[in-house]
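What follows is the residue order along each chain.
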Amino acid sequence: PCEEPEICTFTAIENNSSLDAILFGPNPAIKELIITNIPQDLEQLIIINGLGEIIHYRSIYGDQHIDLTQHPNGIYYVVLFSDDRKITKKIIKLNR
């Protein structure tokens, strides 16, 4: 896993059947993003804003509920990863 998230770089999006099984919602998100059906081998989660800054980082196990209320409208990338793979999903944050 990424030991120091502030210096990790993620540039590729993995196309893989694992992405189809993971549920990200709602998208667009207003207050909270919920991620379910995360494979057990994915151990870390980061969220990157449109400027490439990491705004959220945590170790994960099971379903995730992420509060987005403190973040502005925009496009974000959720990256789930382990030592040998990563899955990236684009989400949209809206305020209403």
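Treat the numbers as computed from the prediction; the structure is a model and nothing was measured.

Reading guide: rules and limits
- Residues numbered from 1 in each chain as written.
- Predicted model: local features only at pLDDT ≥ 70, side-chain atom pairs only at ≥ 80, totals over all residues.
- Heavy atoms only, no water.
- Helix = DSSP H or I, 4+ residues; strand = E, 2+ residues; numbered from the N terminus.
- Contact = heavy atoms within 4.5 Å.
- Polar contact = N/O pair within 3.5 Å; in protein donor to acceptor, adjacent residues only side chain to side chain.
- Pairing = 2+ DSSP bridges.
- Axes fitted to C-alpha atoms, helices over the stretch in contact; angles between N-to-C directions.
- Patch = residues over 30% accessible without salt bridge, like charges linked within 9 Å, V, L, I, M, F, W, Y side chains within 5 Å.
- Areas by Shrake-Rupley, 256 points an atom, 1.4 Å probe, with all protein chains shown as cover.
- Salt bridge = Lys/Arg side-chain N within 4 Å of Asp/Glu carboxyl O.
- Buried < 20%, exposed > 50% of the residue type's maximum accessible area, 1.4 Å probe, protein only.
- Core = buried A, V, L, I, M, F, W, Y, C linked by side-chain atoms within 4.5 Å.

S.K.: What is the right way to look at the environment of isoleucine 75 in this model?
M.R.: Turning to its location among the elements, isoleucine 75 is positioned in strand β6 (residues 74-81). Note: C-alpha distance between isoleucine 75 and leucine 51 (24 residues apart in sequence) is 9.6 Å. The contacts of isoleucine 75, once residues within four sequence positions are left out, are Ile48, Asn49, Gly50, Lys90, Ile91 and Ile92.

S.K.: Teacher, can you tell me more about the side chain of arginine 85 here?
M.R.: As for its placement among the helices and strands, arginine 85 is situated in the loop between β6 and β7 (86-93). In terms of polar contacts, arginine 85 uses its side chain to reach the side chain of aspartate 41, at 2.8 Å.

S.K.: So what exactly am I meant to see when it comes to the sheet that holds strand β2 (residues 32-36) here?
M.R.: Strand pairing in a sheet takes place through backbone hydrogen bonds and is either antiparallel or parallel in direction. Strand order in the open sheet formed by 3 strands is β1-β2-β5, with antiparallel pairing between adjacent strands. In the strand order of this sheet, the two ends are held by β1 (23-25) and β5 (64-67), each with one partner. Going across the sheet, the axis of each strand differs from the next one's by a mean of 15°, ignoring polarity. Where β2 lies against β5, 4 bridges are found, and the strand directions are antiparallel. Each bridged residue has a counterpart across the sheet, and for isoleucine 34 the counterpart in β5 is histidine 65.

S.K.: What am I meant to see in a nonpolar patch on the surface here?
M.R.: Judged by side-chain polarity, Ile75, Tyr77 and Ile92 come together as a nonpolar surface patch covering roughly 230 Å² of accessible area. Given the relative accessible area of 39%, isoleucine 75 is considered partly exposed.

S.K.: Explain the sheet that holds β7 to me, please; I cannot follow it from the model alone.
M.R.: With antiparallel pairing, 4 strands are arranged side by side in an open sheet as β4-β3-β6-β7. Every other strand in the sheet has two partners, leaving β4 (54-59) and β7 as the edge strands with one partner each. Averaged over all pairs of adjacent strands, the angle between their axes in this sheet comes to 15°, without regard to strand direction. Direction of pairing for strand β3 (residues 44-48) relative to β4: antiparallel, over a ladder of 5 bridges. Along β4, the bridge assignment pairs isoleucine 46 with tyrosine 57.

S.K.: Honestly, the nonpolar core in this entry has me stumped. Any pointers?
M.R.: Soluble, globular proteins show a tendency: their nonpolar side chains are buried together. Of all hydrophobic cores here, the largest spans 17 residues; its most connected members are Ile22, Ile35, Leu45, Val78 and Leu80. Those elements giving two or more residues to this core turn out to be β2, β3, β6 and β7. Residues in contact with isoleucine 22, not counting those within four places in the same chain, are Ile35, Thr36, Asn37, Ile38, Pro39, Leu42, Leu80 and Ile87.

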